[in-house]
Structure formats: structure tokens, C-alpha cells
Amino acid sequence: MAEIYETNSWRDGEFAKFRVNPHQVDPVLWGRMCVPMIYANWEGFVVSSLKMLLKHLNKLELTPLQIPTRLVVVGLGDTYRSLSGKQSFEQRCEFTDKFNELLKKTVKFKTKIETKSNLHSGVLKELCQMFAFDFERFSDVTVTLDRLVQVRNCIAHGENSILPTQENIELYIDAVKAAIDIMLEEIDLFLTQESYLYKQQA
């Protein structure tokens with residue numbers, strides 16, 4: 001957990017610069033420059049933090065029987081792709097053999113975090129489901145995060161009608177910082193409560 005904090009501590013300094021426009025860049029241009037950087041900090045934080053979390057899980061050398069189903073699914077990753085489309089009986093047998101073999105081995109999590117370069121609330125929800133994080137805790141910021149993604153995409157695609165104000169910048173930074181704090185708390189809970197281990201229902 002300390003590594004996640006350390007790796008992301010510099011982001012506060014970045015956000016402070018975005019708030020004050022230290023070189024007095026034209027406000028319209030500054031707003032258009034800040035939005036992609038605020039978004040990059042949000043996606044960068046989520047990707048780097050979850051990557052470190054998965055690397056930690058790999059070090060524990062967990063087996064599928066030790067972990068909850070959701071993490072087995074995360075660990076098996078692309079294995080399910082072979083199920084898409086029509087399958088012959090033989091292909092289903094081959095998949096089942098491969099699947100059974102994988103279930104006997106230590107789970108190796110791939111550390112690529114898929115955000116589809118659009119970390120909006122739908123993608124965030126799916127990431128939360130993978131680790132059983134409480135997505136509802138993000139409910140106060142999801143609308144603003146979604147707007148940030150939308151505005152960033154418009155700017156990236158060259159739409160000149162998008163003119164974020166300093167007030168917008170402050171709003172996006174506050175939402176991202178709040179979301180980062182929630183994510184850090186959820187990761188901390190996940191590790192301290194050992195939520196990566198299978199717990200039989202009482």
C-alpha cells in the first residue's frame with residue numbers, strides 16, 4: 001500500500017499547478033490544456049495502482065481454490081475468448097481440458113489494466129466489480145468524471161467549441177482527487193481484510 005501512495009504522491013503537485021496557472025497562460029488555452037492532463041492523472045492513477053495490486057497478488061502465488069470467483073475470472077482473462085461464436089463439441093471439450101488444467105495451477109494475473117482509454121463510470125464500475133470495491137462510494141463524483149472524459153475526448157478530437165473555465169478545472173480536479181481517495185481506501189480495505197481470499201458463506 002505504501003508503494004501505491006509513494007508512486008502517486010506527485011499528483012497533488014500537478015493538480016496545484018493546474019489550479020493556479022503559474023505562467024499566466026491564456027485562460028481559454030489553459031483550460032483546454034488542463035483537461036487532458038487532469039484526465040491523464042486520473043487514468044494513470046487507476047492503472048498504476050491496480051497494476052501494483054495485481055503484482056502483489058502474483059507474489060502471493062494463489063491458487064483458484066484460494067480466491068473468490070471474480071478473481072479467478074480476472075486471472076483467467078483471455079481464456080474465455082475461445083468461447084465466443086459457435087463452438088463444435090470438440091472445441092468445447094478442448095476448452096474444458098484447458099480450463100481444468102488452468103484451475104490446477106497458481107493464478108498468474110496479467111498486469112495490463114484495460115480502461116479502453118476512456119475511464120468513465122461504466123469502466124470504473126467494471127474495475128470495481130473485479131476487486132469487489134464498493135462502486136456506490138463513487139456516486140458523488142461519477143457525473144463529473146464522465147463529463148471530464150467527454151470534454152477530454154472532444155478536445156482530443158479537435159472540437160474548438162469546448163472552452164473549459166477555471167471553475168470547470170477546479171470541479172474536475174476536486175472530483176478526480178475525491179475518486180483517488182476513495183480508490184486508495186478501497187485498495188487498503190481489500191488488502192487489510194484479505195478480500196482476495198475465498199471466504200465461505202456462513
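Scroll up to find the structure.
The notes below deal with the structure included here. Residues take numbers from 1 onward in each chain, read along the sequence in its written order. Residue-level local features of this predicted model are given only where pLDDT is at least 70; pairs of side-chain atoms are given and counted only at 80 or more, and the full residue set underlies all totals for whole chains, interfaces and linings. For the side-chain quantities, the full set of heavy atoms in the structure was used; hydrogens and water were omitted.

1. Some words on the overall build of the protein
Okay, so step 1: Counting from the N terminus, the helices are DSSP H or I runs at least four residues long and the strands are E runs at least two residues long. Of regular secondary structure, the protein possesses eight helices and zero strands.
Okay, so step 2: Taken over the C-alpha atoms alone, the protein extends approximately 65 × 40 × 30 Å along its principal axes.
Okay, so step 3: The buried share of the protein, taken over its 202 residues, is 41%.
Okay, so step 4: Only heavy atoms enter the contact rule, under which two residues are in contact if any of them lie within 4.5 Å. Partitioning the contacts of the protein with sequence separation of at least 6, the portion at a separation of at least 24 is 81%. Whether a residue is buried, partly exposed or exposed follows from its accessible area with a 1.4 Å probe, protein chains only, as a fraction of its type maximum: under 20%, in between, or over 50%, in that order.

2. Description of the packing of aromatic side chains
Okay, so step 1: Classification of ring pairs uses Phe, Tyr and Trp, with its six-membered ring standing for Trp, and accepts pairs whose centres are within 6.5 Å; under 30 degrees between planes counts as stacked, over 60 as edge-to-face, and the remaining range as tilted. According to the stated counting rule, one finds seven aromatic pairs in the structure shown.
Okay, so step 2: With a centroid separation of 5.5 Å and 25° between ring planes, the pair formed by Phe95 and Phe99 is classed as stacked. Note that Phe95 and Phe99 are positioned in helix H5 (residues 89-104) at a spacing of four residues, about one turn of the helix.
Okay, so step 3: Taking relative accessible area as the criterion, Phe95 reaches 13% and is therefore assigned buried.
Okay, so step 4: For the pair Phe190 and Tyr196, a centre-to-centre distance of 5.8 Å together with 55° between the ring planes defines the contact as tilted.
Okay, so step 5: Exposure remark for Phe190: the relative accessible area of 2% places this residue in the buried category.
Okay, so step 6: Judged by relative accessible area, which is 8%, Tyr196 ranks as buried.
Okay, so step 7: Here a set of aromatic residues connected by ring pairs shows up, and it is made of Phe131, Phe133, Phe190 and Tyr196.

3. Some points on unusual backbone geometry
Okay, so step 1: With a phi close to 55°, Lys116 is a non-glycine residue in the positive phi region.
Okay, so step 2: For Lys116, the location among the structural elements is in the loop between H5 and helix H6 (121-131).
Okay, so step 3: The backbone of Ser117 shows a phi angle near 55°, a positive value even though the residue is not glycine.
Okay, so step 4: By secondary structure assignment, the location of Ser117 is in the loop between H5 and H6.

4. What about helix H3 (residues 27-59)?
In an α-helix, one turn spans 3.6 residues; hence positions three or four apart end up facing the same way.
Okay, so step 1: A helix is expected to span 1.5 Å multiplied by its residue count minus one. With 33 residues, H3 ought to run about 48 Å at 1.5 Å a step, and its terminal C-alpha atoms sit 47 Å apart, in line with that.
Okay, so step 2: One or two positions beyond H3, positive phi appears at Glu61, with a value near 50°.

5. Considering a nonpolar patch on the surface
Okay, so step 1: Only residues whose relative accessible area exceeds 30% and that form no salt bridge enter a patch; like-charged residues are grouped when within 9 Å of one another, and nonpolar side chains (Val, Leu, Ile, Met, Phe, Trp, Tyr) when within 5 Å. Areas reported as accessible are Shrake-Rupley estimates using a 1.4 Å probe. Residue values count occlusion only from the protein chains shown. By definition, a salt bridge exists where a carboxyl oxygen of Asp or Glu is found within 4 Å of a side-chain nitrogen of Lys or Arg. A surface patch of nonpolar side chains, amounting to about 240 Å² of accessible area, comprises Leu29, Met33 and Met37.
Okay, so step 2: With respect to the secondary-structure elements, Met37 resides in helix H3.
Okay, so step 3: Given a relative accessible area of 31%, Met37 falls into the partly exposed group.

6. Remarks on the pattern of salt bridges
Okay, so step 1: For the structure shown, the criterion picks out eight salt bridges.
Okay, so step 2: For the salt bridge of Asp12 with Lys177, the shortest nitrogen-to-oxygen distance reads 3.2 Å. Linking Asp12 in helix H2 (residues 11-20) with Lys177 in helix H8 (residues 166-192), this pair joins segments that are 165 residues apart in sequence.
Okay, so step 3: The exposure class assigned to Lys177 is partly exposed, which follows from its relative accessible area of 29%.

Distances and angles like these do not, on their own, reveal function.
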